[in-house]
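Residue-level structural notes
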Number of protein chains: 2
Amino acid sequence: MAGYVSDAVIRRLPAYNRHLRELEEEGILQISSQELGDRMGLTPSQIRQDINSFGGFGRQGYGYQVKELRQHIRHIMGLDQEHRMVIIGAGRMGQAIANYTGFPRQGFFTEALFDIDPAKIRMGTAEMPVYHADELEERLKELHAVIGVLALPPEAAQDTLDRLYRSGIRAIWNFSPVDLHYPPDMAVVNVHLSDLLQILSYQMKRQQEE
Amino acid sequence: MAGYVSDAVIRRLPAYNRHLRELEEEGILQISSQELGDRMGLTPSQIRQDINSFGGFGRQGYGYQVKELRQHIRHIMGLDQEHRMVIIGAGRMGQAIANYTGFPRQGFFTEALFDIDPAKIRMGTAEMPVYHADELEERLKELHAVIGVLALPPEAAQDTLDRLYRSGIRAIWNFSPVDLHYPPDMAVVNVHLSDLLQILSYQMKRQQEE
């Protein structure tokens, strides 16, 4: 079982998953912490620490079994099961997420979008319906979604999160530029695009000063 | 002058900027580390440490001048100047970024998009032109862009970054799911959407286990 895993390690888990998949595709069966570190831009001791913290798979001198380690990481991350999503907000960002082919390839399936704009609702298709936001609770009963994606104006985000929670949704992927309040049994990951752009601006400025 | 600022503090800078703007809008002139901490979900001592690390604005017992502190943070982040951007890839994600109204409001202006698909190039308008990617170097001479946004398939991302670098671009906002290689005088901020979705999956799984 995994013990305490730090935030920094959690942020690196997807990179482990990605690099191990590449190794599998290259037909590589085993890899040392040195080689894996070189690929990922980490020291061998960081690699060993990370992997120890989520389960202890190292065997001194033998390296890691690529396939076994990847399966373990995917299991820890819940990626060995499928996840159904609904997207609230069918504007450009909501549509971009709905149509991103990388997500279903990794087991994340968008079941429906919701909006209040009749023009956007008419844009829905049989495979990717756009329902009126008033139907959210009703539709969620049959959609079996576990993730709610918020791609709507910030002023509607908190109310929508509350409605999703009451309908049983416990995971939110939030693209609205607002800090949401949520119960402790809800998981929320924010993508504050403006914040990231500001961080890029900061980094540019620091480099100009060097 | 700002001294060493840790990655964790850098990630919090946009939140400082956002909360201080809200305080300004509410007409609040001064705030204590306790009150600012309550708003931001940080301890007063974290607030004081953060603000000390980027310039030392605290006056014991008096709190912070909201307007002065925000101006200082905006200056540190380079947000007191405008930034022009070009977006490479005019698909749904590129278009969503180009049309996001929050960016120009914060001084980030998209000057043009680039694509190789004639249908997408025809979608360009006078205010938001879409040029052929072959014209990238030529157009960059007159666009005065400083940020290149990569919203294109992963297999084209590295080559495009190299071309942008040779044209003088030193900041990249990368939405392609790939780890890019770049010279040390280039700033890169990644938005790996699939990685974030995997982190959400991990957090859901941990909560189910609790």
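Conventions adopted
- The residue count restarts for each chain, going from 1 along the sequence in the order it is written.
- Whichever chain is written first becomes A and whichever ligand is written first becomes 1, with later ones labelled in order.
- Residues qualify for local features only when their pLDDT is at least 70, as the model is predicted, and side-chain atom pairs are given and counted only at 80 or more; totals for whole chains, interfaces and linings, by contrast, use all residues.
- Put simply, DSSP marks the helices as runs of H or I at least four residues long and the strands as runs of E at least two long, and each gets a number from the N terminus on.
- Every C-beta atom is placed from the backbone, and the number of other C-beta atoms within 10 Å of a residue's own sets its class: buried at 20 or more, exposed at 12 or fewer, partly exposed in between.
- Distance between backbone-placed C-beta atoms decides contact: two residues are in contact if it is within 7 Å.
- For two strands to be treated as a pair, DSSP must find no fewer than two bridges joining them.
- In this description, a line fitted to the C-alpha atoms serves as the axis of each element, helices being fitted only across the stretch in contact, and the angle between N-to-C directions of two axes falls anywhere from 0 to 180 degrees.
- Roughly parallel refers to an angle under 35 degrees, roughly antiparallel to one over 145, roughly perpendicular to one between 65 and 115, and oblique to any angle outside these ranges.
- The nonpolar class holds Ala, Val, Leu, Ile, Met, Phe, Trp, Tyr, Cys and Pro. Asp, Glu, Lys and Arg form the charged class, and all remaining residues, Gly among them, are polar.

**Some remarks on the overall build of chain A**
Along chain A, the regular secondary structure elements total 10 helices and eight strands. Taken over 210 residues, chain A has a buried fraction of 36%. Across chain A, the fraction of contacts at a sequence separation of at least 24, relative to all contacts at a separation of at least 6, is 54%.

**Some thoughts on the sheet that holds strand β5 (residues 130-132) of chain A**
Pairing is parallel in the open sheet, where six strands are placed in the order β5-β4-β3-β6-β7-β8 (chain A). This sheet does not close on itself; its edge strands, each paired only once, are β5 and β8 (187-190) of chain A. Put simply, the sheet's adjacent strands are angled 25° from each other on average, direction ignored. For strand β7 (residues 171-174) of chain A and β8(A), the ladder comprises four bridges, and the chain directions are parallel. Its bridge partner being in β8(A), N174(A) is matched across the sheet by N190(A). In this fold helix α8 (residues 136-143) of chain A packs onto β3 (83-88), β4 (108-115) and β5 of chain A, with an angle of close to 160° to the strand it touches most, β4(A). Strands in contact with helix α10 (residues 193-209) of chain B are β3, β4, β6 (147-150), β7 and β8 of chain A; relative to β8(A), the strand with the most contacts, it is inclined by about 165°.

**Here we look at the sheet that holds strand β3 (residues 83-88) of chain B**
Residue and element names in this part refer to chain B. The strand order across the open sheet formed by six strands is β5-β4-β3-β6-β7-β8, and the pairing between neighbours is parallel. Of all strands in the sheet, those bounded by a partner on one side alone are β5 (130-132) and β8 (187-190). Going across the sheet, the axis of each strand differs from the next one's by a mean of 25°, ignoring polarity. Where strand β6 (residues 147-150) and strand β7 (residues 171-174) come together, four bridges link them in parallel fashion. When the bridges of β7 are listed, G148 appears paired with I172. Across the sheet, helix α8 (residues 136-143) touches β3, β4 (108-115) and β5, and the angle it forms with β4 is around 160°.

**Details of the packing of helix α2 (residues 33-40) of chain B against helix α3 (residues 44-53) of chain B**
Residues and elements named next belong to chain B. Where α2 meets α3, the closest approach of the two axes is 8 Å, and the angle between their N-to-C directions is 100°. One way to sum up the angle between α2 and α3 is to call them roughly perpendicular. Across the interface between the two elements, S33, Q34, L36 and G37 from α2 touch P44, Q46, I47 and R48 from α3. A per-class count over the contact of α2 with α3 returns three nonpolar, four polar and one charged.

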